[in-house]
Amino acid sequence: MDFSFTDEQQMLRDGVGKFLEKSYDFDARQKLVNSDAPWSADAWQQFAEFGLLALPFSEEQGGLGGSISDCVAFAELFGRHLVIEPYLGSVMLAGSALAQSDPATAQEWVEKIVSGEAVVAFAFEEGHGTASPELVAMTAQGGGDSACLTGEKRLVHGGADADAIVVLARKGEGGPPAFYLVEAGADGLDARAYTTIDGRSAANVSFNDVAATELEASEEAVEKIIADAIIVQSAEAVGAMGALVAMTGEYAHTRKQFGVPIATFQAVAHRLADMKIAYTKARATLIYTTALAESGAATPRDIAILKGQVGKLGRAVGEAAIQTHGGVGMTDELSVSHYHKRLLACDTTFGDHAYHFRKVGMG
Amino acid sequence: MDFSFTDEQQMLRDGVGKFLEKSYDFDARQKLVNSDAPWSADAWQQFAEFGLLALPFSEEQGGLGGSISDCVAFAELFGRHLVIEPYLGSVMLAGSALAQSDPATAQEWVEKIVSGEAVVAFAFEEGHGTASPELVAMTAQGGGDSACLTGEKRLVHGGADADAIVVLARKGEGGPPAFYLVEAGADGLDARAYTTIDGRSAANVSFNDVAATELEASEEAVEKIIADAIIVQSAEAVGAMGALVAMTGEYAHTRKQFGVPIATFQAVAHRLADMKIAYTKARATLIYTTALAESGAATPRDIAILKGQVGKLGRAVGEAAIQTHGGVGMTDELSVSHYHKRLLACDTTFGDHAYHFRKVGMG
Amino acid sequence: MKIEFAPELEAFRAEVAEFFATAPTPAIREAGRKTTSVFAPFKECMEWHRILYEKGWVAPHWPVEYGGTGWSVEQRFIFAEEYRKADLPPLLPQSLGMVGPLLIDIGTEEQKAKYLEPILKGEDFWAQGYSEPNSGSDLASLSCRAEPDGDDYIINGSKIWTTYAHHANRMFMLVRTSNEGKKQQGITFLLLDRIDYPGMEIRPIVGLDGFPEQCEVFFEDVRVPQSGRVGEENDGWSVAKHLLKHERGGGNAASPTLMRYCERARAAAEKTPSPFGGTVADDAVFQREIGELEADIASLGHFEKLAISGHEIARDPAFPSMNKTINSELVQRASVLMTQVSGVDGLARQLEALRVGSNVEPLGSEFDLVSMPLYLNSRATTIYAGSNEVQRDLIARTVSGS
Amino acid sequence: MKIEFAPELEAFRAEVAEFFATAPTPAIREAGRKTTSVFAPFKECMEWHRILYEKGWVAPHWPVEYGGTGWSVEQRFIFAEEYRKADLPPLLPQSLGMVGPLLIDIGTEEQKAKYLEPILKGEDFWAQGYSEPNSGSDLASLSCRAEPDGDDYIINGSKIWTTYAHHANRMFMLVRTSNEGKKQQGITFLLLDRIDYPGMEIRPIVGLDGFPEQCEVFFEDVRVPQSGRVGEENDGWSVAKHLLKHERGGGNAASPTLMRYCERARAAAEKTPSPFGGTVADDAVFQREIGELEADIASLGHFEKLAISGHEIARDPAFPSMNKTINSELVQRASVLMTQVSGVDGLARQLEALRVGSNVEPLGSEFDLVSMPLYLNSRATTIYAGSNEVQRDLIARTVSGS
């Protein structure tokens, strides 16, 4: 049993971390968020060079055959730096959906994703949020390479800028959830773009009789792809939590009120303690669940526990960080609230903690 | 609009308060709880002399025509002194059930209750607790003075020692809830006596074809009697909360650790603040709901809010009091834990806070 | 102990409801629905202020002789309830709720004559200059300095978290006039007739919700007349404490606003499918949670009503702090519930659609448009006006046990 | 990062389960089911201790050379899980979990030779004499005094919250041997061979649950040999801190016990009608609550497994305090849930029915018999072994941010 990152993973972390420290500090990130660009093409290129875009794909597909713990290793750093690039959507979700499908088109897209040539969005959420694949209502007509989609998907990261979109929809009325590929610019496709509270480019995408290609996928494959994405998203959230704990601790030791650092007030100290406890619990569950998934032993209950815990604890850490920072924690200028908004977004997508806890309780 | 106690009510409070200070201090109370007596006949006699046993009954019935706020006025003191006598069961519940019924037998029992000659128990709760009259399952066969009861009632305060028991049961299969009078020693009646965690004598009472007299009661009357009892029980709980806030504040200012009173530790100070907030909220809701009830305007939602708030906040105050007292708060010797156990009992009977909050939420 | 429900109250409720149904302009209504803070959009809010002034209803909590309404507790509650049901923008508290009542209590006759009427009429809007970058919870450590110079003071320093200073035309503030003795001594309370004195600079601060609600105000050799002083020089701390009583005690009850948030959440929940089947409104867990929240809001309402009626509860020295603590934490809880109902539809940043008069359609419903900004903005409620940590310190001091 | 699930683990699980199904006597089983504290009923607990000793399984967390089992992390967890599933009484921690590991770490060879085997065999039971009436959270202020006298110490003073002192035959304690310097200096750690030295008096304290679990121990000119000292004179504080690491870090994982509470609550909920229809087990609100609790217990389990596997998490200086805080608060939450399922059936005080070997039938189910005493007793978990306030102070000190 080993719960530590391997030397290779540690090297990857060091490399990605150094790049982000240098080129993706908070000011640069904010400039990017407030620019017209949906994300940084430079950063994306750099991710490609680190091999991140190839990581989860098999070597036959031009990938590196990486494991889920490889992804977790650097995703924590993505969270620490509030990275806005659509890694989860393009690589973990759309990429994995394409990679496990037979059609030649799908394989071509995988190659483009791996090389960084194309970004593919992933359309999953419907109104108010879609907690799990079994709740997807959008239904495809037809199949194979002449499928047809009608309906709306929300919160599609990169949905207005991607080169293609992989859509999760039901295979005919009452059918199982399956993946469909739609190319950008397809007739009947309409994306309303916006920026999310956590700084990502997203779109609500409406489909009006849009031509699509069905991707082969078993129900298990769909579950597995979503589960892996939840693990990687959780790693991002845990990375953001760690950053908040550190910066809040530092602030509390620097900021003086009543002539002393506020960390000397027990109410503040105990809040710091609770933040550390929350972060430690979330990280322990992230690491253990990653190891389980790596061994092929993670159950839906394990994933629900991870998603629920990270969602709840992340929110709590964010709120505590803002309260401890006081007024400056309420500003757009400081990074604190941006971390909190990222944590809120992580909690809310793929079902919030209330949903997942209840699933755990249903046994 | 007046939310203060009248001069008369204040006088009653003073009188009852002085008596309890003198004759019902914690040591005396513990001696009583640990004795074979189910309650103090002396105290009961004294309650009769104060007019408490006659208070809620009309003057035609030998009562004092008191109002619900009269009862609340002294019930807070019952809570402050952890009184174990079955006032709620015998006077507020059984007594009121008898008082609104026509049969001559019922009126005779009212007179005996008023004079202190008899104590009548009230049997309501069934397995695991019965949150409201609509959930009563026990069903009476027949009616009038030849009704017949079979089943079990739990947590009947004074159930093994009372001179009679008023039972809430359904009027035939699927019928509305109604009251039935059973005399002590009736054939088929069996009481298993015990002491509750909060020091009261109670019994689980089984009925095996027991002869009973049906008491006239509309469904509204049943609801009203339970609602009034909930208000008076809430007053007891609020009285207990007030006592805990005061004694915990005093302890925190006296007890020293690390060379200073523990009240100087912000974690302790903030807990004291939260206790006071909880107590103040509970008391505001008690007083307002009492005034509403006095005006005949209290709805089931108002009662549910009171019961839920007092239950939840009482528990929180009790737990905070124990934590602040530390080890000594865990002992049987100090009163702190006894207050907490009374608050737990108040929360648990007639539906706990979780039940009532959900009722509020159901709208 | 009794509540008298006079029959004319229902007539009063009808009168109020009728007025609220007819008097506000569409823009005022839109501003009300799009209020995601205790501070409503400025322009429409002041428009509405002036309409209420014309009606005579702008300051129910002021004494009648100064323009109050002389309503009973029930009337004030009915007014507040109907106000919230109509989703109208809450009036800004700085002038009506803070400096106005303060001047009524301890202003000079001259100050009253000069300032009260423009406040009522909505001609003036006052900013509050208290906090400084290094004096937040520890307000008494403030260092923005005023040096006497003839009949004037010369002010140097800065203020922060000055809400809507960029909209204000006047400002009340605390300045340091002496460094001797305890830090609470040596503070002076000043009224500034203008907010554009030479040497003053106002910089809005963008908040985490994307809106510039707060400001920094910088003073460089700003000359203001000493006649603007309230109370004695170096006695401003007791003036500020007096004012804080109004700020924390609240001239207006907060529970109707909170109950309205619950109503809006319930209405939205009725249109939202639950992942467990049916609508969220029918879901047992939602009912359990909103029921607990509503019960707690009801308790705040009881507390407020007792206080307004003159019950001893309002004379507890901890009353203002308890009121502030309960209220602020309930706002946060209510807004969390609202964002839960909105789900992913709350994750879009929609600054333009939120602007009053915008022709951008919201992405989800109007409810989804406001829930997240309200949640984000409400994180401030436990920080401002004396953080809840400071409030709990104050409350604890009143629990002596003997 | 990988978990190896060796096939032989299932065989190990079967072996453990088989042993637990056959080895305990009926009284031991009953004691396990009736355990409402971290401290199981003494007599049956020690009986079971001796059976486990015979099997060689009494101290899985001890080094093999001292009688440990040498199991892997997974084996230890499987052992703990099966142990709890069989509802067996937990072994008492004072000897096996505290003084034993301490002596293994820093005892003299003589002390190890003398004390370790009787602990393993269950012949000795050690009481822990730390707290004093005026030294609770502030343990270092203790004043129970030991004066050197020839080869002995003469002890005067008292100890409190000495769990099961009335069952113990030996005792380890902290005494003050000097008043010079900081209060942490001048403390000495002593082993007492007997608990019935002349001048010692033990008085049980009845707890809020009605049971005498704790004791006061009084010392009047009690003469004990200096050879019982662990470490140097006046250096007992560092010895105690070393031991606290074992107490708080926990040789044994707590999560299987907590998960078992949930299982018992679920089983009881299946038999309990909900006021909203169906059983409590099927109720959405119950599922929401137990789901959250189980998820949190799962996180504790992950934390424990990482720690046992040697992950860096266990080297965090805040680890013991975090472990204690998380564990104690989860015990309390689990017990609250249990009492909610029991409802009014938890309100009867049933001391006699709870006694092992009692022939009094419980009033409700056996679950209802234990839920309330467990809840009441668990209020102590956030107080003892360093209150959670003290733990949070310690944790906060490790959050420096840089």
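Structure: above.
Residues numbered from 1 in each chain as written. Chains lettered and ligands numbered in written order. Predicted model: local features only at pLDDT ≥ 70, side-chain atom pairs only at ≥ 80, totals over all residues. Heavy atoms only, no water.

A. Focus on the overall build of chain C. Of regular secondary structure, chain C possesses 13 helices and 8 strands. Radius of gyration (C-alpha) of chain C: 22 Å, near the 21 Å computed for a compact globule of 402 residues. Dimensions of chain C, computed from the C-alpha atoms along their principal axes, are close to 75 × 50 × 50 Å. Looking at chain C as a whole, 60% of its 402 residues qualify as buried. On chain C, the mean spot of the 41 positive side-chain charges and the mean spot of the 58 negative ones are 1 Å from each other. (Helix = DSSP H or I, 4+ residues; strand = E, 2+ residues; numbered from the N terminus. Rg over C-alpha atoms; globule rule 2.2 N^0.38 Å. Buried < 20%, exposed > 50% of the residue type's maximum accessible area, 1.4 Å probe, protein only. Lys, Arg positive; Asp, Glu negative; His and termini not counted. Charge placed at Lys NZ, Arg CZ, Asp CG, Glu CD.)

B. Just the interface of chain B and chain A, in detail. With 5 residues of chain B in contact, the opposing surface of chain A contributes 5 residues. A buried area of about 310 Å², summed over both sides, lies between chain B and chain A, and 53% of it is on carbon and sulfur atoms. The tally of links between chain B and chain A comes to 0 salt bridges. In this assembly, chain B and chain A are joined by 3 residue pairs in polar contact (both at pLDDT 80 or more). In the side of chain B that touches chain A, the residues fall into 3 nonpolar, 2 polar and no charged. (Contact = heavy atoms within 4.5 Å. Buried area = accessible area lost by both parts, 1.4 Å probe. Salt bridge = Lys/Arg side-chain N within 4 Å of Asp/Glu carboxyl O. Polar contact = N/O pair within 3.5 Å; in protein donor to acceptor, adjacent residues only side chain to side chain. Nonpolar A, V, L, I, M, F, W, Y, C, P; charged D, E, K, R; others polar.)

C. Inspection of helix 4 (residues 68–80) of chain B at higher detail. All names here are of chain B. Over its 13 residues, helix 4 extends 19 Å from the first C-alpha to the last, a length consistent with the 18 Å expected when each residue adds 1.5 Å. In helix 4, a bend of some 25 degrees at F74 exceeds every other bend along the element. Of all the 13 residues making up helix 4, 12 are buried; the element is thus mostly covered by neighbouring parts of the structure. Along helix 4, the positions that sit buried rather than exposed are I68, S69, D70, C71, V72, A73, F74, A75, E76, L77, F78 and G79. Where helix 4 is buried, its residues touch helix 1 (7–23), helix 3 (41–50), helix 5 (87–99), helix 7 (219–254), helix 8 (266–294) and helix 10 (336–348). Looking one or two residues past helix 4, L82 carries a phi angle of roughly 55 degrees, positive in sign. (Expected span 1.5 Å × (residues − 1). Bend = angle between axes of the 7 residues up to and from the residue.)

D. Geometry of the interface of chain D and chain A. Counting from both sides, the interface comprises 43 residues of chain D and, opposite them, 46 residues of chain A. Overall, the association of chain D and chain A removes approximately 4000 Å² of surface from exposure, summing both partners, and the carbon and sulfur fraction of that is 63%. Looking at the side of chain D facing chain A, the largest losses of area belong to M1, I3 and V399 of chain D, adding up to 21% of the total buried there. The residue K312 of chain A makes a salt bridge to E292 of chain D at a minimum N-O spacing of 2.8 Å. The interface formed by chain D and chain A holds 17 residue pairs in polar contact (both at pLDDT 80 or more) in total. Looking at the side of chain D that touches chain A, the elements with two or more residues in it are helix 4 (73–85), helix 9 (284–308), helix 10 (319–342) and helix 13 (388–397) of chain D. Per element, the largest residue contribution to the side of chain D that touches chain A is 15 residues, and it comes from helix 9 of chain D.

E. Representation of the pattern of salt bridges within the structure. Taken as a whole and assessed by the stated rule, the structure comprises 102 salt bridges over all chains. The partner of K183 of chain C in a salt bridge is D138 of chain C, with the nearest N and O atoms 2.9 Å apart. Here K183 of chain C is found in the loop between strand 4 (170–176) and strand 5 (187–192), whereas its partner D138 of chain C is found in the loop between strand 1 (126–129) and strand 2 (145–149), with 45 residues between them in sequence. In this structure K183 of chain C comes out as partly exposed when scored by relative accessible area, which is 31%. In this structure D138 of chain C comes out as buried when scored by relative accessible area, which is 3%. A cluster of three or more residues bridged by salt bridges with shared partners is formed by K281 and K312 of chain A together with R288, E292, D296 and R333 of chain D.

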